[in-house]
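As a plain string of letters, each chain reads:
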Amino acid sequence: DSGVTQTPKHLITATGQRVTLRCSPRSGDLSVYWYQQSLDQGLQFLIQYYNGEERAKGNILERFSAQQFPDLHSELNLSSLELGDSALYFCASSPTRDRPGELFFGEGSRLTVL
Amino acid sequence: AQSVAQPEDQVNVAEGNPLTVKCTYSVSGNPYLFWYVQYPNRGLQFLLKYITGDNLVKGSYGFEAEFNKSQTSFHLKKPSALVSDSALYFCAVRDPSGAGSYQLTFGKGTKLSVIP
């Protein structure tokens with residue numbers, strides 16, 4: 001158990017809809033990363049938050065947005081969903097200072113867009 | 001931009017034999033390199049990392065990796081494979097432009113199958 005919790009584990013929705021994925025990082029970790037894993041694209045970095053502020057941005061579509069709340073949990077919002085958005089979405093947290101680069105991943109949220 | 005290549009989609013090895021999973025990288029500046037493992041229906045787990053120092057890095061579950069700057073490689077190794085090592089292995093490099101960020105670029109993964 002990594003200590004990172006993601007909900008929901010599975011989600012099936014239709015094109016054009018909007019969904020929210022939630023992530024609770026490990027206790028004490030200030031950084032949260034979002035990654036998308038798909039068969040054709042592999043693991044793609046989407047966005048990182050550190051203590052409530054956006055720290056780095058990757059290949060995140062404009063239809064996607066994220067935020068980190070004061071209690072450090074994070075949400076990834078996906079809107080106007082397309083078939084190609086079907087993927088496994090991972091959240092990871094990092095202790096940053098004492099174990100740099102060691103990301104702790106949740107078990108992912110599997111999104112299926114029909 | 002940084003990149004990671006894992007030239008083998010799949011590696012098969014007999015239980016008890018040594019295993020190697022290959023990784024080459026491209027990055028400007030000093031590389032920060034990582035190996036992660038993913039078991040079926042699970043998230044990725046950190047195995048080991050190279051940031052600086054000794055070129056041979058030891059990690060979890062008996063794995064080690066050798067950093068070779070001249071060949072820009074960071075191959076994952078284990079002296080004796082176990083069936084339980086069967087999983088998907090990812091090599092990753094840190095984006096050096098991300099000051100204070102450990103945004104990682106991952107390779108496409110190598111599926112390791114250890115045959116009893």
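Residues numbered from 1 in each chain as written. Chains lettered and ligands numbered in written order. Predicted model: local features only at pLDDT ≥ 70, side-chain atom pairs only at ≥ 80, totals over all residues. Heavy atoms only, no water.

Undergrad: How should the overall build of chain A be read in this particular structure?
TA: Along the backbone of chain A there are zero helices and eleven strands. Taken from the N to the C terminus, the helices and strands of chain A come in the order β-β-β-β-β-β-β-β-β-β-β. A compact globule built from 114 residues should have a C-alpha radius of gyration of about 13 Å, and chain A, at 13 Å, falls within 12% of that. Once the C-alpha set of chain A is aligned to its principal axes, its extents read approximately 40 × 25 × 20 Å. The buried share among the 114 residues of chain A stands at 54%. Contacts in chain A between residues far apart in sequence, at least 24 positions, make up 53% of those at least 6 positions apart. Of note, chain A has its 10 positive side-chain charges centred 2 Å away from the centre of its 13 negative side-chain charges. (Helix = DSSP H or I, 4+ residues; strand = E, 2+ residues; numbered from the N terminus. Rg over C-alpha atoms; globule rule 2.2 N^0.38 Å. Buried < 20%, exposed > 50% of the residue type's maximum accessible area, 1.4 Å probe, protein only. Contact = heavy atoms within 4.5 Å. Lys, Arg positive; Asp, Glu negative; His and termini not counted. Charge placed at Lys NZ, Arg CZ, Asp CG, Glu CD.)

Undergrad: How do you make sense of the layout of surface pockets when you look at a structure like this?
TA: Over the atoms, a rolled probe matching the size of one water molecule traces out where space is still vacant. Considered as a void within the structure, the largest pocket measures approximately 440 Å³ in volume. Lining the largest pocket are 19 residues, and of these Gln 37, Ser 38 and Leu 39 of chain A together with Gln 38 and Leu 88 of chain B sit closest to its centre. For the lining of the largest pocket, the secondary-structure elements that each account for two or more residues are strand E4 (31–38), strand E9 (87–94) and strand E11 (109–113) of chain A together with strand E10 (87–94) of chain B. When its residues are assigned to classes, the lining of the largest pocket shows eight nonpolar, seven polar and four charged. Listing elements by their share of the lining of the second largest pocket, those giving two or more residues are strand E1 (5–7) and strand E10 (104–105) of chain A together with strand E6 (44–50) of chain B. For the lining of the second largest pocket, the element with the most residues is E6 of chain B, which contributes three residues. Split by residue class, the lining of the second largest pocket holds seven nonpolar, seven polar and six charged. (1 Å grid on protein atoms, 1.4 Å probe; cavity = no way out; pocket = protein on both sides within 12 Å on 5 of 7 lines; lining within 4 Å. Points joined across faces, edges and corners; volume = space filled by probe spheres on them. Nonpolar A, V, L, I, M, F, W, Y, C, P; charged D, E, K, R; others polar.)

Undergrad: Got a minute to help me understand the packing of aromatic side chains in this structure?
TA: Within a pair of aromatic rings, the relevant descriptors are the distance that separates the centres and the angle that separates the planes. One pass over the structure, following the stated rule, counts 14 aromatic pairs over all chains. With 6.4 Å between their ring centres and 75 degrees between their planes, Phe 64 of chain A and Tyr 89 of chain A make a pair best called edge-to-face. Linking Phe 64 of chain A in strand E7 (residues 64–68) with Tyr 89 of chain A in strand E9, this pair joins segments that are 25 residues apart in sequence. When its relative accessible area of 6% is taken as the criterion, Phe 64 of chain A is described as buried. Summarising the aromatic geometry, the rings of Phe 63 of chain B and Tyr 89 of chain B are spaced 5.5 Å apart at their centres and angled 45 degrees between planes, so their arrangement reads as tilted. One end of the pair, Phe 63 of chain B, is in the loop between strand E7 (56–58) and strand E8 (64–68); the other, Tyr 89 of chain B, is in strand E10, with 26 residues separating them in the sequence. Under the relative-accessibility criterion, Phe 63 of chain B is labelled buried at 2%. We classify Tyr 89 of chain B as buried; its relative accessible area is 0%. Against the face of Phe 104 of chain A rests Arg 26 of chain A, its NZ or CZ located 3.8 Å from the ring centre. Seen from the ring of Tyr 50 of chain A, Arg 55 of chain A lies directly overhead, with NZ or CZ sitting 4.6 Å from the centre. (Phe/Tyr/Trp six-rings, centres within 6.5 Å; stacked < 30°, edge-to-face > 60°. Lys NZ or Arg CZ within 6 Å of the ring centre and 35° of its normal.)

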